[in-house]
Amino acid sequence: MFEVILKGHDKYYGVSDVLRMFFGVPEEVKDEGKVTAPDGPDIRIINELLPDGRSVTYYGDKAYEFEGEVLEPGREIKRSLYMALSDITSQKMPWGCLTGIRPTLVACEEKDAKALEEKYFVRPDKAQLAFDTSREEQRILAKVPEDSLCVYVGIPFCPSRCEYCSFVSSDISCHMDRLVNYEAALEREIMMISPAVKSSLSALYVGGGTPTVLEEKEFASLLDCIYSNLKIMPGCEVTIEAGRPDTITEGKLLSMREHGITRICINPQTMRSDTLLKLGRKHTAEDAVRVYQKAMDMGFDLINMDLIAGLPYENAEDHVESTKKLIELAPTNITVHTLYKKRRARISREQVMDHYKTRGELDKCVADSYELLKEAGYHPYYMYRQKDTGHGLENTGFAKGDTGSLYNVAMMSDCRDVLSFGAGGMSKRCFKQEGELYKHRVERCPTIKDALTYIERVEEMAEKKIAFFQI
Ligand code: SF4
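Just so you know, these numbers come straight off a predicted model, no measurement behind them.

A. View of the site of the ligand. Taken together, 12 residues are adjacent to the ligand, and Cys 158, Cys 162, Cys 165, Gly 209 and Arg 244 come closest. Grouping the amino acids of the shell around the ligand by side-chain chemistry returns 5 nonpolar, 4 polar and 3 charged.

This is the structure in structure tokens:
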């Protein structure tokens with residue numbers, strides 16, 4: 001078992017984050033002042049924060065300390081710990097000692113990509129990716145007025161559950177009545193809250209789950225409810241996640257077009273039909289192409305398509321091939337996700353983490369995809385990481401021209417208020433802080449996750465949000 005003794009600080013969370021990258025799930029043993037990694041080698045080290053703000057990590061007679069600018073304590077202890085672990089294991093992480101979900105926030109603070117390499121040991125390609133993306137995020141964010149509101153409407157139901165997903169989505173195959181009641185509750189919540197909403201909407205995202213799992217009648221009714229109750233400003237970006245091609249009908253596309261939906265997501269995840277079927281998705285790659293072409297023919301010109309690198313049953317070449325196929329289709333946005341282990345997913349952490357025999361293979365296939373996308377005229381416009389993402393990699397949204405999603409950027413920035421409707425939604429208010437350019441203080445207001453409880457307690461949820469926004 002690997003042990004890190006904390007000295008002069010109590011940043012268990014930060015120590016855990018670094019340990020996780022090297023040895024898997026850590027355990028915080030606070031009464032003994034240490035964090036352990038049961039899957040790591042039998043080694044004990046000391047991670048100290050000195051009174052002058054510098055951090056040193058000791059292993060035997062070795063001391064690891066960065067010579068240069070001292071960072072704030074949370075980053076400082078991670079950096080010296082990373083230096084020690086990297087030396088002990090002879091491993092370097094693509095994102096160096098950056099463990100947070102938003103490396104672009106750190107990149108915003110720096111004048112060039114080189115600073116990320118030097119201060120945080122970020123690999124040059126990732127440093128450049130974070131730096132370029134951070135500039136694009138800032139450019140897009142400037143298009144979202146500070147006093148406007150972003151709105152999320154969540155439909156936590158799917159036609160079946162994908163093997164890798166632990167989302168609180170209910171498989172609707174046996175719960176059709178639940179879906180109808182849920183949609184009605186959602187309308188009730190929108191109608192209760194919207195009279196009190198003063199701000200206009202700059203970006204609206206209907207996500208899930210799979211919103212297009214609603215039958216045509218309920219789907220149209222929900223769009224009517226949204227458009228007739230909320231103040232949608234001219235030019236507002238409205239995205240519908242139509243993730244599963246098997247749920248998209250001509251009637252729903254017509255409904256979206258009539259309501260003025262500006263952006264849709266059709267997510268194949270891979271262009272291998274055999275993988276899709278093994279994963280429990282009830283559609284083929286050909287279905288995704290057919291629906292994409294239908295949507296284009298009907299005039300939808302802003303379409304995002306998602307891919308996942310590191311899927312079970314696939315190797316690196318399969319992912320690269322899928323990227324090539326999407327590039328041929330030429331949607332305006334392509335988002336490349338890296339598979340990560342969600343807690344309640346059917347597949348195990350081992351299947352996620354060890355599927356690609358080496359970090360290098362997954363890393364290379366993601367890098368190859370990015371290269372292909374850039375050659376085809378796409379550029380990264382937003383990115384984030386998730387805990388337990390396969391080998392510490394990231395998810396990156398690519399766009400052609402000026403088509404990057406306002407909602408994605410605004411939501412990830414934590415710089416714009418978000419009002420969420422539906423079970424599991426997280427509303428947030430973001431407050432500017434003195435002296436901080438990019439980092440706002442954020443207050444959050446969660447909504448109950450269970451769809452059935454949400455239906456029963458929708459009035460209470462609505463009142464809570466009205467009070468939260470003081471509207
Ligand atoms: S479509 Fe998305 S939310 Fe639904 S089960 Fe699959 S991965 Fe999960």
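B. Quick peek at helix H7 (residues 216-229). Compared with the 20 Å implied by 1.5 Å per residue over 14 residues, the 20 Å span of H7 between its first and last C-alpha is a close match. Three or more residues of H7 are buried, namely Glu 218, Phe 219, Leu 222, Leu 223, Cys 225 and Ile 226. The buried side chains of H7 occupy one side of the element, clustering within an arc of 155° when seen end-on. Facing away from the buried side of H7 by more than 90 degrees, the exposed set consists of Lys 217 and Ser 228. Where H7 is buried, its residues meet strand S7 (149-155), helix H6 (176-193), strand S10 (201-208), strand S11 (232-241) and helix H8 (250-259).

C. The packing of helix H5 (residues 124-141) against helix H14 (residues 406-413), seen in detail. Look at H5 against H14: their axes get within 9 Å of each other, and the N-to-C directions meet at 105°. Regarding the angle of H5 to H14, the classification is roughly perpendicular. For the pair H5 and H14, the contacting residues are Glu 137, Ile 140 and Leu 141 in the first and Leu 406, Val 409, Ala 410 and Ser 413 in the second. Residues belonging to the contact of H5 with H14 are distributed by class as follows: 5 nonpolar, 1 polar and 1 charged.

D. View of the pattern of salt bridges. The full count for this structure, using the stated rule, is 34 salt bridges. We note a salt bridge from Asp 52 to Arg 54, for which the minimum N-O separation is 2.7 Å. For Arg 54, a relative accessible area of 28% gives the class partly exposed. Its salt-bridge partner being Asp 414, residue Arg 102 comes within 3.6 Å of it at the nearest N-O pair. One end of the pair, Arg 102, is in the loop between helix H2 (73-89) and helix H3 (103-108); the other, Asp 414, is in the loop between H14 and strand S17 (418-421), and 312 residues separate them in sequence. Given a relative accessible area of 17%, Arg 102 falls into the buried group.

E. Quick peek at the side chain of Asp 318. Here Asp 318 lies in helix H11 (residues 316-329). Judged by relative accessible area, which is 13%, Asp 318 ranks as buried. A polar side-chain atom of Asp 318 sits 3.0 Å from the main-chain amide nitrogen of Asn 315. Each residue touching Asp 318, except ones within four places of it in the same chain, is listed here: Arg 272 and Tyr 313.

F. Seen up close, the domain arrangement of the protein. Split by domain assignment, the protein resolves into domain 1 (2-91) and domain 2 (140-460). One C-alpha centre belongs to domain 1, the other to domain 2, and the line joining them spans 36 Å.

G. Here's a closer look at the packing of helix H4 (residues 113-120) against H5. Where H4 contacts H5, the two axes come as close as 8 Å, and the packing angle between them is 130°. The pairing of H4 with H5 is recorded here as oblique in orientation. For the pair H4 and H5, the crossing hand works out as right-handed. Contacts from Ala 113, Leu 116 and Glu 117 of H4 reach H5 at Pro 124, Ala 127, Gln 128, Ala 130 and Phe 131. Class assignment for the residues of the contact of H4 with H5 results in 6 nonpolar, 1 polar and 1 charged.

Each value, and the rule that gives it
Residues numbered from 1 in each chain as written. Predicted model: local features only at pLDDT ≥ 70, side-chain atom pairs only at ≥ 80, totals over all residues. Heavy atoms only, no water. Near = heavy atom within 4 Å. Nonpolar A, V, L, I, M, F, W, Y, C, P; charged D, E, K, R; others polar. Helix = DSSP H or I, 4+ residues; strand = E, 2+ residues; numbered from the N terminus. Expected span 1.5 Å × (residues − 1). Buried < 20%, exposed > 50% of the residue type's maximum accessible area, 1.4 Å probe, protein only. Arc of directions from axis to C-beta. Contact = heavy atoms within 4.5 Å. Axes fitted to C-alpha atoms, helices over the stretch in contact; angles between N-to-C directions. Parallel < 35°, antiparallel > 145°, perpendicular 65-115°, else oblique. Salt bridge = Lys/Arg side-chain N within 4 Å of Asp/Glu carboxyl O. Polar contact = N/O pair within 3.5 Å; in protein donor to acceptor, adjacent residues only side chain to side chain. Domains from an automatic or database assignment. Left-handed = near helix turned anticlockwise from the far one by under 90°.

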